[in-house]
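Residues per chain are reported as follows:
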Amino acid sequence: MLVQSNHIHTFRLRMIETTSYTLIDGKKVSTDIKTEIMQRVAERKEQGKKLPHLAIILVGDDGASQTYVDNKVKSCKSVGFHYTMMRFADTISEEKLMKHIDHVNNDDDVDGFIVQLPLPSHISVEKITEKIRPDKDVDGFTNQNFGSIISKSPLLMPATPFGVMELLRRYNIETEGKHAVVVGASRIAGAPLSMMLTEQAHATVTICHKYTKDLANFTRSADILLVAVGKPGLITGDMVKEGAVVIDIGTTRVEGPQFAKGWAIKGDVDFKTVAPKASFITPVPGGVGPMTIASLLLNTLRATELQHP
Ligand code: GUN
């Protein structure tokens, strides 16, 4: 009888073992980073140094962009940064917007600025991005900052992948020699992230994108799976290896009457089926999203320190 009950006990323990995962709390880590930033801002104030000033350029009235920008403004206020919102109608010409960027580039009081994406289709994102002075490019979008990921002295890191790397570091996730599979090769997330994983984390990296055939074949071999596509629920439990680390970078605003606000932010990972197989996993919201803002604040502080030491 005793042996039999021990068997049951062992079985129960195994069940618990295979279904437990650590939730990566991006909200908490970003709060810790904001506290660190506040301390550095207080020190600058004490020393009579210039306080960080972030400018945000928003074109048009896209609801999702407005929400993201509101969060960035709130975060600036919470750490004691100065900020300026610059809004333009979606009919603004590319030329006029370029002129405005030149103006901000030359404004000594603004240490860093961002142009919120997406932009209206008549404006070239590449032209606009390249117009931003690299030492004020706190999103880390310019070619110079993108390329500096592989230099010995990077200038300003692309904010979203920088936030992901910080989560991996702060959760002591082993990366050296691990197989990291990045799904999505965008300029703002997947492409720079794959470079950082190679350069800084010494992982073996596979990049998948919209032309990849048999995606699941790649995702199933990932020790660390990082997804930045913008397709809610793309990654399901059957596509993930037991014990994998899963980082969901997707942030798609899905609208519907079932959501209290009329919309909700959804990730690329089907949390319900993937979490039971994962060792570590980020939720959406509350995972990578808050870290992108924390990185933006860190970059702004760094830009201020570089321009006004
Ligand atoms: N649109 C979606 N994410 C971002 C971001 O991180 N920065 C900017 N500028 N636009 C975005």
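Here, residues in each chain are numbered from 1, in the same order as that chain's written sequence. Where local features are concerned, this predicted model is filtered to residues with pLDDT of at least 70; where side-chain atom pairs are given and counted, the filter is 80 or more; whole-chain, interface and lining totals use all residues. Side-chain metrics rest on all non-hydrogen atoms present in the structure, leaving aside hydrogens and water.

A. View of the overall build of the protein. Here a strand is any run of E in DSSP of at least two residues, a helix any run of H or I of at least four, and the numbering for each starts at the N terminus. Of the regular secondary structure elements, the protein holds 11 helices and 11 strands. Taking 309 residues into account, the globule formula puts the C-alpha radius of gyration at 19 Å, and the protein, at 21 Å, falls close to it. Projected onto the principal axes, the alpha-carbon positions of the protein cover approximately 80 × 45 × 45 Å. Only protein chains enter the accessibility calculation, which uses a 1.4 Å probe. A residue is then buried if its area is under 20% of the maximum for its type, exposed if over 50%, and partly exposed in between. Among the 309 residues that make up the protein, the fraction classed as buried is 46%. Contacts are residue-level and defined by heavy atoms, with any inter-residue pair within 4.5 Å sufficient. Once local pairs closer than 6 in sequence are excluded, the contacts in the protein between residues at least 24 apart make up 71%. When the accessible surface of the protein is totalled, it reaches about 15600 Å², and 55% of it is carbon and sulfur. If you average the places of the 36 positive and of the 35 negative side-chain charges in the protein, the two averages end up 3 Å apart. Within these notes, the globule rule equals 2.2 Å times the number of residues to the 0.38 power, and the radius of gyration is based on C-alpha atoms. Under the convention used here, a 1.4 Å probe and the Shrake-Rupley method define accessible areas, while residue burial counts only the protein chains that appear. The sign given to each residue is positive for Lys and Arg and negative for Asp and Glu; His and the chain ends receive no count. Lys charges are placed at NZ, Arg charges at CZ, Asp charges at CG and Glu charges at CD.

B. A look at the packing of aromatic side chains. Only Phe, Tyr and Trp rings take part, Trp by its six-membered ring, and two of them pair if their centres are within 6.5 Å. Stacked means planes under 30 degrees apart, edge-to-face means over 60, and tilted covers everything else. Inspection of the entire model under this criterion finds 2 aromatic pairs. Look at Tyr171 and Phe280: their rings are 6.5 Å apart centre to centre, the planes differ by 80°, and that puts the pair in the edge-to-face class. Remark: Phe280 occurs in strand E11 (residues 278-281) and Tyr171 occurs in the loop between helix H7 (159-170) and strand E5 (179-183); sequence separation between them is 109 residues. Accessibility expressed as a relative area gives 21% for Phe280, which makes it partly exposed. Any Lys NZ or Arg CZ found within 6 Å of a ring centre and within 35 degrees of that ring's normal is scored as a charge over the ring. Above the ring of Phe146, the side-chain terminus of Arg187 is found at 4.3 Å from the ring centroid. A cation over a ring is seen here: Arg253 above Trp263, with NZ or CZ 4.1 Å from the ring centre.

C. Looking closely at empty space enclosed by the protein. We place a 1 Å grid over just the protein atoms. Points where a 1.4 Å probe fits but has no way out form a cavity, open points with protein on both sides within 12 Å along at least 5 of 7 lines form a pocket, and any residue with an atom within 4 Å of a point lines it. Grid points are joined across faces, edges and corners, and a volume is the space filled by probe spheres set on the points. Counted under the stated rule, the structure contains 1 cavity of 30 Å³ or more. Taken as a whole, the largest cavity holds about 50 Å³ of empty space. Lining the largest cavity are Ile114, Val115, Leu117, Leu119, Val125, Ile128, Thr129, Ile132, Asp139 and Phe141. Here the element with the most residues in the lining of the largest cavity is helix H5 (residues 125-131); it accounts for 3 residues. Note on residue categories: nonpolar means Ala, Val, Leu, Ile, Met, Phe, Trp, Tyr, Cys or Pro, charged means Asp, Glu, Lys or Arg, and polar means any other residue, Gly included. For the lining of the largest cavity, a count of residues per class yields 8 nonpolar, 1 polar and 1 charged.

D. Representation of helix H3 (residues 63-79) within the structure. Between the first and last C-alpha of H3 there are 25 Å, a value that for 17 residues agrees with the 24 Å anticipated at 1.5 Å per step. Those residues of H3 that sit buried are Ala64, Ser65, Val69, Lys72, Val73, Ser75, Cys76 and Val79. Tucked into the core, H3 has its buried residues touching helix H2 (26-46), strand E2 (53-59), strand E3 (82-88), strand E4 (112-115), strand E9 (252-255) and helix H11 (288-307). Just downstream of H3 lies Gly80, where phi reads positive at about 85°. How far a helix is expected to stretch is found by multiplying one less than its residue total by 1.5 Å.

E. How the structure looks around the sheet that holds E4. As summarised here, the arrangement of the 3 strands in space is E3-E2-E4, forming an open sheet in which the pairing is parallel. Strands with a single pairing partner mark the edges of an open sheet, and in this sheet they are E3 and E4. Each strand axis lies, on average, 15° off the axis of its neighbour in the sheet, ignoring direction. Any two strands with at least two DSSP bridges between them are considered paired. Examined bridge by bridge, E2 and E4 share 4 bridges and lie parallel to one another. Note on E4: the bridge partner recorded for Ala55 is Phe113. Each axis is a line fitted through C-alpha atoms, and for a helix only the stretch in contact is used; angles between axes span 0 to 180 degrees, taken between their N-to-C directions. Its contacts with the sheet put H3 on E2, E3 and E4, and the angle it makes with E2 is roughly 170°.

F. Broad picture of the site of the ligand. Nearness of a residue to a molecule or strand requires only that one of the residue's heavy atoms be within 4 Å of it. Taken together, Lys72, Val115, Gln116, Leu117, Asp139, Phe141 and Thr292 form the complete shell of residues around the ligand. Here a polar contact is taken to be a pair of N or O atoms separated by no more than 3.5 Å, where protein atoms must pair a possible hydrogen donor with a possible acceptor and residues adjacent in sequence count only if both atoms sit in side chains. For the ligand, a nitrogen atom lies 2.9 Å from a polar atom in the backbone of Leu117. Its free accessible area being 280 Å², the ligand has 83% of it covered by the protein chains. Taken together, the residues of the shell around the ligand break down into 3 nonpolar, 2 polar and 2 charged.

G. Structural context of the pairing of E2. With respect to burial, E2 is a largely interior element, 7 of its 7 residues being buried. Where burial is concerned, the two faces of E2 agree: the one with His53, Ala55, Ile57 and Val59 and the one with Leu54, Ile56 and Leu58 are both buried. Relative to E3, E2 runs parallel, the two sharing 7 bridges. Within E3, the position partnered with Leu54 by the bridge is Tyr83.

H. View of the packing of H2 against H7. Taken N-terminus to C-terminus, the directions of H2 and H7 make an angle of 100°; their axes are 11 Å apart at the nearest point. Considering their axes alone, H2 and H7 lie roughly perpendicular with respect to each other. Listed contacts from H7 to Gly26, Val29, Asp32, Ile33 and Glu36 of H2 are Glu166, Leu167 and Arg170. In terms of residue class, the contact of H2 with H7 is made up of 3 nonpolar, 1 polar and 4 charged. Any angle from 65 to 115 degrees is called roughly perpendicular, while one under 35 is roughly parallel, one over 145 is roughly antiparallel, and all others are oblique.

I. H2, seen in detail. For H2, spanning 21 residues, the distance from its first C-alpha to its last is 30 Å, which sits close to the expected 30 Å at 1.5 Å a residue. Buried within H2 we find Gly26, Val29, Ser30, Ile33, Ile37, Val41 and Arg44. One side of H2 holds all its buried residues, which, seen down the axis, span an arc of 115°. Residues of H2 that are buried in the fold lie against H3, H7 and H11. With a side-chain oxygen positioned 3.2 Å from the backbone nitrogen of Lys27, the residue opening H2 is Asp25. Remark: Gly48 follows H2 within two positions and exhibits a positive phi of approximately 70°. This arc is taken over the directions from the axis of the helix to the C-beta atoms.

Shape descriptors only; they carry no functional weight alone.
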